[in-house]
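Here's the letter readout for the chains.
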2 protein chains.
Amino acid sequence: MSKEFFTVTPVREVFERIAEFPRVGADTLSITQASTRVLAENIVADIDVPGFARATMDGYAVRASATFGASEFNPAYLTICGKVDMGDTPALNIGQVQSARIATGGMLPPGADAVVMIEQTTEIDETTLEVYKAVAPGTNTVAADEDFAKNREVLSAGAPLRPQEIGLLAALGRNEIRVYQKPIIGIISTGDELVEVDQVPPPGRIRDVNTYTLSAMAANAGGLPRTYGIVADQYEHLLAVCRRALAETDMVLISGGSSVGTRDLTMEVIESLPESQIMFHGIPVRPGKPTILAKSGGKALWGLPGQITSAMVVFDRIVVPFVRHIGGSAVFLQHNYRISAILTRNLPSVQGRTDYIRTRIAEKDGQYHAEPILGPSGLIRTMVEADGLIEIDMNTEGIEQGETVSVIPMR
Amino acid sequence: MSKEFFTVTPVREVFERIAEFPRVGADTLSITQASTRVLAENIVADIDVPGFARATMDGYAVRASATFGASEFNPAYLTICGKVDMGDTPALNIGQVQSARIATGGMLPPGADAVVMIEQTTEIDETTLEVYKAVAPGTNTVAADEDFAKNREVLSAGAPLRPQEIGLLAALGRNEIRVYQKPIIGIISTGDELVEVDQVPPPGRIRDVNTYTLSAMAANAGGLPRTYGIVADQYEHLLAVCRRALAETDMVLISGGSSVGTRDLTMEVIESLPESQIMFHGIPVRPGKPTILAKSGGKALWGLPGQITSAMVVFDRIVVPFVRHIGGSAVFLQHNYRISAILTRNLPSVQGRTDYIRTRIAEKDGQYHAEPILGPSGLIRTMVEADGLIEIDMNTEGIEQGETVSVIPMR
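A short tour of the structure in this document, coming up.

Conventions and cut-offs
- All residue numbers refer to position in the chain's written sequence, counted from 1.
- Lettering of chains starts at A and numbering of ligands starts at 1, both following the order in which they are written.
- The predicted nature of this model means local features are confined to residues of pLDDT at least 70 and side-chain atom pairs, given and counted, to a pLDDT of 80 or more, with totals for whole chains, interfaces and linings taken over all residues.
- Whether two strands pair comes down to DSSP finding at least two bridges between them.
- Numbering of helices and strands runs from the N terminus; a helix is a DSSP stretch of H or I covering at least four residues, while a strand is a stretch of E covering at least two.
- In this analysis, axes come from line fits to C-alpha atoms, helices being fitted only over the stretch in contact, and the angle between any two N-to-C directions falls in the range 0 to 180 degrees.
- Contacts are defined on C-beta atoms placed from the backbone: any two residues whose C-beta positions lie within 7 Å are in contact.
- The atoms used to superpose the copies are C-alpha atoms, taken from residues with pLDDT of at least 70 in both, and the fit is least squares.
- Any set of buried Ala, Val, Leu, Ile, Met, Phe, Trp, Tyr and Cys residues joined through C-beta atoms within 7 Å is what this text calls a nonpolar core.
- Between the buried cut of 20 or more and the exposed cut of 12 or fewer other C-beta atoms within 10 Å of a residue's own C-beta lies the partly exposed class, and all C-beta atoms are placed from the backbone.
- A residue's bend is given by the angle between axes fitted to the 7 residues ending at it and the 7 residues starting at it.
- Oblique is the label for any angle not under 35 degrees, not over 145, and not in the 65 to 115 range, which are roughly parallel, roughly antiparallel and roughly perpendicular in turn.
- Throughout, a crossing is termed right-handed when the near helix is turned clockwise from the far one, and left-handed when it is turned anticlockwise from it by less than a right angle.
- Residues were grouped as follows: Ala, Val, Leu, Ile, Met, Phe, Trp, Tyr, Cys and Pro as nonpolar; Asp, Glu, Lys and Arg as charged; and all remaining residues, including Gly, as polar.
- Multiplying 1.5 Å by the residue count of a helix minus one yields the expected span of that helix.
- The directions considered for the arc are those from the helix axis to the C-beta atoms.

Regarding the sheet that holds strand β5 (residues 76–83) of chain A
All names here are of chain A.
Turning to step 1, where the next piece is worked out: Here 6 strands make up an open sheet; going across it, the order is β7-β4-β6-β5-β9-β8 and the pairing mixed. Looking at which strands have only one partner, the edges of the open sheet turn out to be β7 (114–117) and β8 (121–125). Strand-to-strand twist across the sheet, computed as the mean angle between neighbouring axes with direction ignored, equals 40°.
Turning to step 2, where the next piece is worked out: Bridge analysis of β5 against strand β6 (residues 98–102) gives 3 bridges, and the strand direction is parallel. Bridge assignment links Ile80 to a residue of β6, and that residue is Ser99.

So, the sheet that holds strand β18 (residues 276–281) of chain B
Residues and elements named next belong to chain B.
Turning to step 1, where the next piece is worked out: Taken in spatial order, the 6 strands of this open sheet run β16-β13-β17-β21-β20-β18, and their pairing is mixed. Both edges of this open sheet fall to β16 (224–231) and β18, since each of them pairs with a single strand only. With direction set aside, neighbouring strand axes in the sheet form an average angle of 20°.
Turning to step 2, where the next piece is worked out: With 5 bridges connecting them, β18 and strand β20 (residues 292–296) associate as antiparallel partners. In the sheet register, His281 faces β20, and the bridge partner there is Ile292.
Turning to step 3, where the next piece is worked out: Along the sheet face, helix α6 (residues 308–326) touches β13 (184–190), β17 (251–255) and β21 (299–304) and points at about 175° away from the line of β21.

Notes on the relation of the copies chain B and chain A
Turning to step 1, where the next piece is worked out: It takes a turn of 180° to lay chain B on chain A, together with a shift of 0.0 Å along the axis; the resulting RMSD is 0.0 Å. Expressed as an axis order, the relation between the two copies is that of a two-fold axis. It is Ile339(B) whose C-alpha, among those of chain B, lies nearest the rotation axis, at 2.4 Å.
Turning to step 2, where the next piece is worked out: Looking at the interface residues of chain B, 100% of them are also at the interface in chain A, so both copies use one shared face.

Here's the deal with the nonpolar core
Turning to step 1, where the next piece is worked out: Formed by 231 residues in total, the largest nonpolar core has its most connected members in Ala61(A), Val252(A), Trp302(A), Ala61(B), Val252(B) and Trp302(B).
Turning to step 2, where the next piece is worked out: The contact partners of Trp302(B), leaving out residues within four places of it in the chain, are Val252(B), Leu253(B), Ile254(B), Ile292(B), Leu293(B) and Val319(B).

A word on helix α6 (residues 308–326) of chain A
All names here are of chain A.
Turning to step 1, where the next piece is worked out: Most pronounced at Val319, the bend in α6 amounts to some 50°, and the proline Pro321 follows within four residues.
Turning to step 2, where the next piece is worked out: Taking burial as the measure, the 19 residues of α6 include 19 buried ones, the bulk of the element.
Turning to step 3, where the next piece is worked out: Just downstream of α6, Gly328 is the residue with a positive phi angle, here 95°.

A word on the packing of helix α3 (residues 210–220) of chain B against α6(B)
Residues and elements named next belong to chain B.
Turning to step 1, where the next piece is worked out: It is at 10 Å that the axes of α3 and α6 come closest, and there the two elements cross at 30°. It follows that α3 is roughly parallel to α6 by the angle criterion. Note that α3 runs across α6; the crossing there is right-handed. Together, Asn210, Thr213, Leu214, Met217 and Ala218 of α3 and Ile308, Ala311, Met312, Phe315, Asp316 and Val323 of α6 make up the contact between the two elements.

As for the environment of Gly306(A)
Residues and elements named next belong to chain A.
Turning to step 1, where the next piece is worked out: Looking at where Gly306 falls in the secondary structure, it is placed in the loop between β21 (299–304) and α6.
Turning to step 2, where the next piece is worked out: Classification of Gly306 as buried rests on a count of 28 C-beta atoms within 10 Å.
Turning to step 3, where the next piece is worked out: Remark: the alpha-carbon pair of Gly306 and Thr291, spanning 15 residues in sequence, is separated by 10.0 Å.

Observations concerning the environment of Ile124(A)
All names here are of chain A.
Turning to step 1, where the next piece is worked out: Tracing the sequence through the fold places Ile124 in strand β8.
Turning to step 2, where the next piece is worked out: A count of 12 C-beta atoms within 10 Å places Ile124 in the exposed class.
Turning to step 3, where the next piece is worked out: Linking Ile124 and Phe73, residues 51 residues apart in sequence, is a C-alpha distance of 16 Å.

Examining the interface of chain B and chain A
How big an interface is tends to be expressed through the accessible area that disappears when the partners come together.
Turning to step 1, where the next piece is worked out: Contacts between the two partners involve 82 residues from chain B, matched on the other side by 82 residues from chain A.
Turning to step 2, where the next piece is worked out: Breaking the side of chain B that touches chain A down by element, the ones donating at least two residues are α2 (163–171), β15 (206–207), α3, α5 (260–272), α6, β22 (339–343) and α7 (380–384) of chain B.
Turning to step 3, where the next piece is worked out: The element that contributes the greatest number of residues to the side of chain B that touches chain A is α2(B), accounting for 8 residues.
Turning to step 4, where the next piece is worked out: Residue composition of the side of chain B that touches chain A, by class: 36 nonpolar, 24 polar and 22 charged.

Quick notes on the packing of helix α2 (residues 163–171) of chain A against α3(B)
Packed helices, taken two at a time, are described by the angle their axes make and the gap between the axes.
Turning to step 1, where the next piece is worked out: Taken N-terminus to C-terminus, the directions of α2(A) and α3(B) make an angle of 155°; their axes are 7 Å apart at the nearest point. Classified by the angle between their axes, α2(A) and α3(B) sit roughly antiparallel to one another. Considering only the axes of α2(A) and α3(B), their crossing is right-handed. In contact with Pro163(A), Gln164(A), Ile166(A), Gly167(A) and Ala170(A) of α2(A), α3(B) contributes Tyr212(B), Thr213(B), Ala216(B), Met217(B) and Asn220(B).
Turning to step 2, where the next piece is worked out: Broken down by class, the residue content of the contact of α2(A) with α3(B) amounts to 6 nonpolar, 4 polar and no charged.

Here we look at helix α4 (residues 235–248) of chain A
All names here are of chain A.
Turning to step 1, where the next piece is worked out: With 14 residues, α4 extends 20 Å between its outermost C-alpha atoms, agreeing within 8% with the 20 Å of an ideal straight helix rising 1.5 Å per residue.
Turning to step 2, where the next piece is worked out: Regarding α4, the residues found buried are Leu238, Val241, Cys242, Ala245 and Leu246. Angular distribution of buried residues about the axis of α4 spans 135°; they occupy a single face of the element. Structural note: α4 exposes Glu236, Ala247 and Glu248 on the side pointing more than 90 degrees away from its buried face.

Written out as structure tokens, the structure is:
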């Protein structure tokens, strides 16, 4: 075992290199299948939406000028000349002192330029309307192009598709669209101590947790995990599996190697792969410092810590933006919002690195409280008990009980 | 059109009735397929995890007492009697002044009770170790049952399965588990003005956006959407489709009916269904006040506003906890964390109802800023531009620019 000291790369510099990795290809998909995917084309509205002026309230379509000066004490009186049916082009034409019953969403008839809310009127008889409030032109209506105007670019390639984007595509009649494929993430667990999940580990051995945890994280990040099982800490074998994974996937994770010896093995394997280049070895993040990123044949090859909680923190904080980028997403950094919480105990920290501390999040009196979970990073239990990670940035030297901390929820 | 006034039900009371709806059934699934699902059995550890005492650092396994008093100026000297191989039961037995090389994750050999970090030692020669720091028993190790002790209940039915829970199940050798089925959510769009997505809407009509948006939201909430297409505002037809949807699904959403007329129709249909009961009609939420919840044959039947942004707010804030509950989740309320943001303009609000205002979220100088998006709730654009919803609670009468607001991110 050597007392190797490696140079850590600032996290900012790590992310600056994301653009060196190419994006995956695109497929055509029905919008009913495209939610949570990433758009791979620019969408230009080829029609105005909604396409006609609509009422946004139940009431009466009027000419606004006919209501000017109207009040409870001085109502305006209009003729009711009919009713706008939903989904119909109104046959009516609204003259100066005329009105028509209209429901929310109804098409404004020609001649009308506003809607008076039903609550601000009384029907004196079948054909006479009393109006208690003046409306300006456009009141309680949307214009024909108010949602989207024809020829406007409404979504750009790289947009993650949320329910509202799917709805927008439906409004434009785009039932098929181009989306990025899900990047295939190869997952390799290394370690002579690992056994498969369906085996009973003999003393000194444990079941392979990392393959399952990292597969679920890769899927949550928008990837398609492909597992390569357990590889013993043996050069030829690890090299062969890495080659195969690099050929079959878009990104490879080797997890294991929290010990210096295994880390050396991973480095040795990476260095003997063709067209391989170590991009960084060591990041100022705890847990997770010994993380390795290499570029091999244009693909990202990660050496993640073997301790499961360290591997999870590195995956969530460092790897996810790379998965999002190669998956086409234009929004790949700042992928989690932070919540503010009151710290329930003192936390030490060291300047020059970002600390992530597993924490429970409790809500009391309308405020979040962060209750740090202690315990070695080999224990999956500490992650199961955690609701999030407290982030202590590299310029802070420790935080005291009662101070406000920034917490990244993990759900 | 009647000027109907309905009694609104406080939101708290709405959620109090969740338990009246039964949960869906369970299936057996591989843990590789179970991520994001909800556990439907209690999991008891049938072994200690990790199962043996392990090193958490690279270094030397020792008896702690042999290092007592050791310091840089007064090192302890130990014999190196071998090396612990990963995955092996060490054949060594550590005597009082002995030590063995060990890597992170290695099994502590008999006789040893602590690990000295490699950085706090020097190998004087092949068999002599200089130790600069005293360690207490247990230092840099985890106990055989420190992650999970045998017979402990480690997860309960109702737990949402995140990557760490999947990892825990792997550690326990549970490659198959019981999970709740995804609740099937029937989605009906009503409105005479609606046309299918693949049609060009004539004047006065628009494409059906709600079916697509609500399907994506139902899937994001853990449900399985089943769509019933567009139903005209016609009693017999809506009744027939509702009956069919109630028979085939676990929950039904009728969206449409933001106008009083359509709302009346929805109410009429609900009232003529067998074993039907209106649970509430009107909630103190804006947008979304005219929301209806009925229980029909034990299933939840919702009348959602037709305006798409209103329907989205109601689904996210009110319906999702019901979907989670019937989907087996024990954690169904407070399903989103709120972030704190500085409001960039004054916002009016009315006491007695909770307001949700679409907002952009910008990050400046390490703080979130909420930039409200204005516009009628019929415009899907305003949701596409939004990163979240500002929540103004029912006891607040408006918020001024520069004040801190609570924002629910929408991603």
